Amino acid sequence: MDKPNNDPEFRPSRRAALGIGAGAAALGLTACLTDQQDAGPTSPVDVIVVGAGFAGLTAARRLRAAGKSVVVLEADGRVGGRTKPGKILGEVVDLGGQWVGPTQTHLLALAKEMGVATYEQYATGLNVADIAGHREKYEGETPALQPEAMEDFIATITAIETLAADIPMPRSWEWKSAVEFDGQTIETWIRANAKTETVRSTMRVLTRALLSAEPSQVSMLCLLAYAASAGGFSALISTRGGAQDSVFEGGAWQLAEKMSAELGSAIHLDAQVLSISQDDAGVTVKTAKGQWRGRHVVVTAPPPLASRIDYTPPMPAMRDGLTQRMPMGCVIKVHIAYPTPFWREQGLTGLVLSDRTEFGPWFDHSPRNGSGGALVGFFDGGPAQRWADRSPADRRAQVLKDIATYFGAAALAPTDYLEEVWARASMQRGGYVASAGPGVLTAFGPALVEPVGRIHWAGTETSETWGGYIEGAIRSGERVALEVTAKL
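Every value quoted in this text rests on a predicted model; they were computed, and no experiment measured them.

Give a description of the overall build of the protein chain that names residues and reports values.
In terms of regular secondary structure, the protein chain is built from 18 helices and 20 strands. The C-alpha atoms of the protein chain give 22 Å as radius of gyration, which agrees with the globular expectation for 488 residues (23 Å, within 12%). Dimensions along the principal axes, computed over C-alpha positions, put the protein chain at roughly 65 × 50 × 40 Å. For the protein chain, the proportion of contacts with a sequence separation of at least 24, taken over those separated by at least 6, is 74%.

Next comes the structure, spelled out in structure tokens:
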């Protein structure tokens, strides 16, 4: 269950809502911001925020609401971090983070504040599961597996839920069994605990979908902590009531754009941070656009990207060791448009879970105005690693082939195709989240959040609740704003 928010209430000023239908127009706001960024550094500020994703924007708004002066330095030419807008069938869609669940209360509160509505993920009809050679249609949240595997699947999920419920978040490395579970990969645990190959294959598919990494690459403790932060493994993989419950009218990215509009000239785009130096009086942050001076700095970049900044004095061994051992996941997100949502005529929801395909899972994301049909899905983990450096035409052909395997020949004739190869995005280098390999959390975990002098850390990887999601990013921004405010 989601943890209650005990933070003091902040009441930042709010610009008028841009309107649900203004998503496409909002795409131009980033360009306007860029035009205003050429003045260079100004007077020193209380806090310099590195990164204009949901963590950085939230931290900046909270700090400003507390009466502190801030500047936000963003390496990319847009705000939003691992959220990003695209357009298909005349509709703005999310090329990054997209869904929201009912226990992601801080993200839902932000949407309400900004006047952005949500609606339920389409789930009318039957899903398709094709695992270990057994293909079946099913209703609800539990994949239909071979009859002899269902008991094994339930036992495996129950074991994960039970273990995750015992973890003292956010300090998973202090759990009484941390060393045992951090000493094995997810793959090792699956082989030792799942009795059937069907369930082992199902768990591999689910791991790729959750972490964009192979089970052999990630610590079992990392997965358990991930589940604990969401209130359970079932919440991670479920549509109704889970992480994929609903989507935003006009896309999730617009929330970042609306926050950035409120912050205005405090945001500097195309300002990649090259170095951070600190002394007894404050910090100096250098970018290609010049340097800024502040009393404290908040770094919201994920650990592997934060490691690319040059720090003076150098990072402590614990922090440096951590950032060398937490790679980004590998993911390619794809939207495909069709004249109609023809799978609905087949009685299908559009959700397919398969270990036969390179592409997947995928979901229905058709416009609610009836202008056509659309699917959204992913290459995750190993498949994304194999396809990231292939041509867009090759990826498109594979996507259509995989969809046609389940939906028929109509899948081979889309009207539009849109993709984002996050592993090749120069300022993100992957998604959805950075994950820890075996032994990392128990050896280096405390360095994930612990400040280094005047340098503070935020970002979804640092959140005790819904880490890896937009919700986690927002909560980390709130947490670090309180932390820094207490020191000013």
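Any chance you could break down the packing of aromatic side chains for me, citing the residues and the numbers?
Evaluation of the coordinates by the stated rule reveals 17 aromatic pairs. Relative to Phe-407, the ring of Phe-342 has its centre 6.5 Å away and its plane inclined at 85°; by these criteria the two rings are edge-to-face. Of this pair, Phe-342 sits in helix H14 (residues 342–345) while Phe-407 sits in helix H16 (residues 392–407), and the two are 65 residues apart along the sequence. Every member of this aromatic cluster is reached through a ring pair, and the members are Tyr-338, Phe-342, Trp-343, Phe-359, Trp-362, Phe-379, Trp-387, Tyr-406 and Phe-407. Directly above the aromatic system of Tyr-122 lies the positively charged group of Arg-344, at a separation of 3.7 Å from the ring centroid. Above the face of the Trp-387 ring, Arg-390 is positioned so that its terminal group lies 4.2 Å from the ring centre.

So, helix H5 (residues 147–165): which residues are in play, and what are the values?
The end-to-end C-alpha distance of H5, which contains 19 residues, comes to 28 Å, matching closely the 27 Å that a straight helix rising 1.5 Å per residue would cover. Structurally, H5 contributes buried residues whose contacts are with helix H6 (178–182), helix H7 (186–193), helix H8 (197–211), helix H9 (220–230) and helix H10 (233–237).

Outline the packing of H7 against H8, supporting the account with residue identities and numerical values.
Between H7 and H8, the least distance of the axes is 10 Å, while the angle of their chain directions is 155°. Between H7 and H8, the crossing angle belongs to the class labelled roughly antiparallel. The handedness of the crossing between H7 and H8 comes out as right-handed. Touching Ile-186, Glu-187, Ile-190 and Arg-191 of H7 are Arg-200, Met-203, Arg-204, Thr-207 and Leu-211, all from H8.

Lay out the nonpolar core with the relevant residues and their values.
If you look at the biggest cluster of nonpolar residues, it comprises 53 residues, and the most contacted ones within it are Leu-211, Phe-233 and Leu-236. Those elements that provide at least two residues to this core are H5, H6, H7, H8, H9, H10 and helix H17 (440–444). Here the element with the most residues in this core is H9; it accounts for 10 residues. Leu-211 has contacts with Ile-186, Val-218, Leu-223, Tyr-226, Gly-329, Gly-431, Val-433 and Ser-435, leaving out every residue within four places of it along the chain. In terms of nonpolar packing, the next biggest core, distinct from the first, is built from 35 residues, Ala-60, Val-72, Leu-107 and Leu-110 among them.

Let's hear about the sheet that holds strand E9 (residues 246–248): which residues, and what values?
The pairing of strands in a sheet happens through backbone hydrogen bonds and is either parallel or antiparallel. Pairing is antiparallel in the open sheet, where 3 strands are placed in the order E5-E9-E6. At either end of the open sheet lies a strand with only one pairing partner, and these are strand E5 (99–100) and strand E6 (118–120). By the bridge criterion, 3 bridges tie E6 to E9 in an arrangement that is antiparallel. If you follow Glu-120 over to E9, its bridge partner there is Ser-246.

A description of the environment of Ser-435 should follow, citing residues and the corresponding values.
As for its placement among the helices and strands, Ser-435 is situated in the loop between strand E19 (416–421) and H17. Apart from residues lying up to four places away in sequence, Ser-435 is in contact with Leu-211, Val-218, Cys-222, Arg-325, Met-326 and Pro-327.

Pulling in residues and values, what's your account of the side chain of Thr-323?
Residue placement: Thr-323 occurs in helix H13 (residues 317–323). In terms of polar contacts, Thr-323 uses its side chain to reach the backbone carbonyl oxygen of Asp-320, at 3.1 Å. Other than its neighbours up to four places away in sequence, Thr-323 contacts Pro-303, Pro-304 and Ser-307.

Thresholds applied
- Residues numbered from 1 in each chain as written.
- Predicted model: local features only at pLDDT ≥ 70, side-chain atom pairs only at ≥ 80, totals over all residues.
- Heavy atoms only, no water.
- Helix = DSSP H or I, 4+ residues; strand = E, 2+ residues; numbered from the N terminus.
- Rg over C-alpha atoms; globule rule 2.2 N^0.38 Å.
- Contact = heavy atoms within 4.5 Å.
- Phe/Tyr/Trp six-rings, centres within 6.5 Å; stacked < 30°, edge-to-face > 60°.
- Lys NZ or Arg CZ within 6 Å of the ring centre and 35° of its normal.
- Expected span 1.5 Å × (residues − 1).
- Axes fitted to C-alpha atoms, helices over the stretch in contact; angles between N-to-C directions.
- Parallel < 35°, antiparallel > 145°, perpendicular 65-115°, else oblique.
- Left-handed = near helix turned anticlockwise from the far one by under 90°.
- Core = buried A, V, L, I, M, F, W, Y, C linked by side-chain atoms within 4.5 Å.
- Buried < 20%, exposed > 50% of the residue type's maximum accessible area, 1.4 Å probe, protein only.
- Pairing = 2+ DSSP bridges.
- Polar contact = N/O pair within 3.5 Å; in protein donor to acceptor, adjacent residues only side chain to side chain.

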